[in-house]
Amino acid sequence: MRIGITCYPTYGGSGAVATELGLELARRGHEIHFVSYASPFRLRGYAERVTFHEVTQPEYPLFEQSSPYALALAVKQHEVAMRENLDIMHVHYAIPHAATAWLAKQMLKGQQDLKIVTTLHGTDITLVGQDPSYYTLTKFSIEQSDRVTAVSAFLRDETYRAFGCAGCDVVVIPNFIAASEYHPAADASPRRSLAPSGHKVLVHVSNFRPVKRVRDVVRVFAGIRRELPATLVLVGDGPDRDAAEQETDRLKLRRDVRFFGKVDNVADILRGSDLFLLPSETESFGLAALEAMACAVPVLASAVGGLAEVVVDGETGFLTPPRDIDAMIAHGVRVLRDGALHARLRDAASRRALDFTADRVVPQYEQLYRDVLGA
Ligand code: GMT
């Protein structure tokens, strides 16, 4: 099949999933065309059957702050669909990608029957999409898509609850990991570069948006650090980085907290870690938690959204009410002090992650594509 993929290229789960999906599909013989304003961060180097098409926007004084990216994207989606004779445009994150794909499809009417597949990822439904400035267009573009998928049952249900979506059947296809990249450590070498010997390593990976509550990560770490020697590794960057840095200084933790910034390949860091912290306000899936589990790292996360579909409470980590810092500290201290419990959680986490390998999940997308094409 010839498949276009539109996603955000920036550091974040939806772009990561879209890119890994494209690469996996290309390995399976499909022709993949990424369309975005920059090359997605996980698209490294050359891959056979994969092409990136950059959306360019002309500068024009009239536009000032309002350079109409969505229009330029629709034009590029149309152009690529026509030139490459695409069967499908698979868009990740509804806003504005599903609406622009609909525009591209309209422009192709009578010449080519481009099918639109929309994958909902999270805040496109739970937060931004429900804002009155976007609501009606989000609903419209979901309803106009030929197929709609959501990354968790929670997100599917939230889509029905918030948008109604007459006539759309939202199919749950979970996120996945490449088992060749995300796997347990063979020995103790990955942890040596992360922390002094004798320290437990706690890790958090995100785009530091307010929804991730990165300040709570630092506070949870502070509570655990009071009880045992430990280092916190923070990977990623975003709007709340400064707040997290300030909290680190306020709690006098500078010696034990390391900010790594954006790192493309986090697997080695995860493999060197003992515990993953994800105290998010909301999380439709929690790809970062799955990646940690695949590397045999138990997860402490908020009991919100779709996280319970990934982290099995008490088996592969612990889920606590959002903002309940004390509960997360108590679980963290217990897990890190009890070697047998920690080993049990590690083992269960890596086994659970095998339910979400690319080999299991990508064929579900291929089947969906075949269905929509009537093949
Ligand atoms: O919805 C977002 O905040 C953006 C998106 C991203 O690009 O980081 O994150 C969402 O999609 C991920 C991949 O499907 C999920 O693992 C995240 O849970 C989800 N984020 C939220 O729901 C907050």
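In this text, all values refer to a predicted model and were calculated from it rather than measured experimentally.

A. Quick look at the site of the ligand. The full set close to the ligand counts 17 residues, and Gly13, Ser14, His121, Thr123 and Glu283 are the nearest of them. The side chain of Asn207 places a nitrogen or oxygen atom 3.5 Å from an oxygen atom of the ligand. At 3.1 Å, a backbone N or O of Phe285 approaches an oxygen atom of the ligand. Considering the ligand on its own, with 480 Å² of exposed area, one finds that the protein chains cover 96% of that surface.

B. Examining the side chain of Asn175 more closely. Within the fold, Asn175 resides in the loop between strand E7 (170-172) and helix H7 (189-192). Judged by relative accessible area, Asn175 falls into the buried class, the value being 4%. Apart from residues no more than four positions distant in its own chain, Asn175 is found in contact with Val17, His121, Val151, Phe285, Leu287, Leu290, Phe356 and Val361.

C. Here's a closer look at the packing of aromatic side chains. Under the definition given, this model contains five aromatic pairs. Measuring from ring centre to ring centre gives 5.6 Å for Tyr8 and Tyr93, while their planes differ by 80 degrees; the resulting arrangement is edge-to-face. Residue Tyr8 is located in the loop between strand E1 (2-6) and helix H1 (13-27), and its partner Tyr93 is located in the loop between strand E4 (88-92) and helix H3 (94-107); the two are separated by 85 residues in the primary sequence. Looking at Tyr8, the relative accessible area reads 24%, which means it is partly exposed. Assessed through its relative accessible area of 13%, Tyr93 is described here as buried. Here Phe285 and Phe356 contribute two aromatic rings whose centre-to-centre distance is 5.9 Å and whose plane-to-plane angle is 80 degrees, an arrangement assigned as edge-to-face.

D. Geometry of the environment of Ala104. With respect to the helices and strands, the residue Ala104 is situated in helix H3. We classify Ala104 as buried; its relative accessible area is 0%. For the pair formed by Ala104 and Ala74, sequence separation is 30 residues and the distance between their alpha carbons is 5.3 Å.

E. Local environment of the side chain of His33. Note on placement: His33 falls in strand E2 (residues 31-36). Non-local contacts of His33, meaning those with residues more than four positions away in its chain, are made with Ile3, Gly4, Ile5, Thr51, His53, Val80, Glu84 and Leu86.

F. A look at the domain arrangement of the protein chain. Entries for the protein chain in the domain assignment read domain 1 (2-176 + 357-374) and domain 2 (189-356). In this structure, domain 1 and domain 2 have C-alpha centres spaced 30 Å apart. Counting residues at the interface gives 23 residues for domain 1, matched by 23 residues for domain 2. Across the domain 1/domain 2 interface, buried area totals approximately 1,700 Å², and carbon plus sulfur atoms make up 56% of it. Taken together, the links from domain 1 to domain 2 amount to two salt bridges. In this structure, the salt-bridge partner of Arg42 is Glu291, at a minimum N-O distance of 3.0 Å. Between the two partners, domain 1 and domain 2, sit six residue pairs in polar contact (both at pLDDT 80 or more). Going through the elements one at a time, H1, helix H6 (153-163) and helix H14 (358-373) are the ones with two or more residues in the side of domain 1 that touches domain 2.

Scoring rules and cut-offs
- Residue positions are counted from 1 within each chain, in the order its sequence is given.
- Per-residue local features are limited, in this predicted model, to residues with pLDDT of at least 70; the limit for side-chain atom pairs, both in listing and counting, is 80 or more; totals at the level of whole chains, interfaces and linings are taken over all residues.
- Excluding hydrogens and water, the side-chain values take into account all heavy atoms of the structure.
- In these notes, residues near a molecule or strand are those with any non-hydrogen atom within 4 Å of it.
- Counted as a polar contact is a pair of N or O atoms within 3.5 Å, where, for protein atoms, one must be capable of donating a hydrogen and the other of accepting one, and residues adjacent in sequence contribute only when both atoms are in side chains.
- Exposure was quantified through the Shrake-Rupley algorithm and a 1.4 Å probe, taking into account, for residues, occlusion by the shown protein chains and nothing else.
- Helical segments are the DSSP runs of H or I of at least four residues, strand segments are the runs of E of at least two, and each set is numbered from the N terminus.
- Categorising residues by exposure relies on relative accessible area from a 1.4 Å probe, with only protein chains included: less than 20% of the type maximum marks a residue as buried, more than 50% marks it as exposed, and the intermediate range marks it as partly exposed.
- In what follows, residue pairs with any heavy atoms lying within 4.5 Å of each other are defined as contacts.
- A pair of aromatic rings is counted whenever rings of Phe, Tyr or Trp (Trp by its six-membered ring) have centres within 6.5 Å, and the orientation is called stacked for planes under 30 degrees apart, edge-to-face for over 60 and tilted otherwise.
- Bear in mind that the domain bounds are from an automatic or database domain assignment.
- Values labelled buried area give the accessible surface lost by two parts on being combined, using a 1.4 Å probe and summing over both.
- Just to be clear on terms, a salt bridge is a Lys or Arg side-chain nitrogen sitting within 4 Å of an Asp or Glu carboxyl oxygen.

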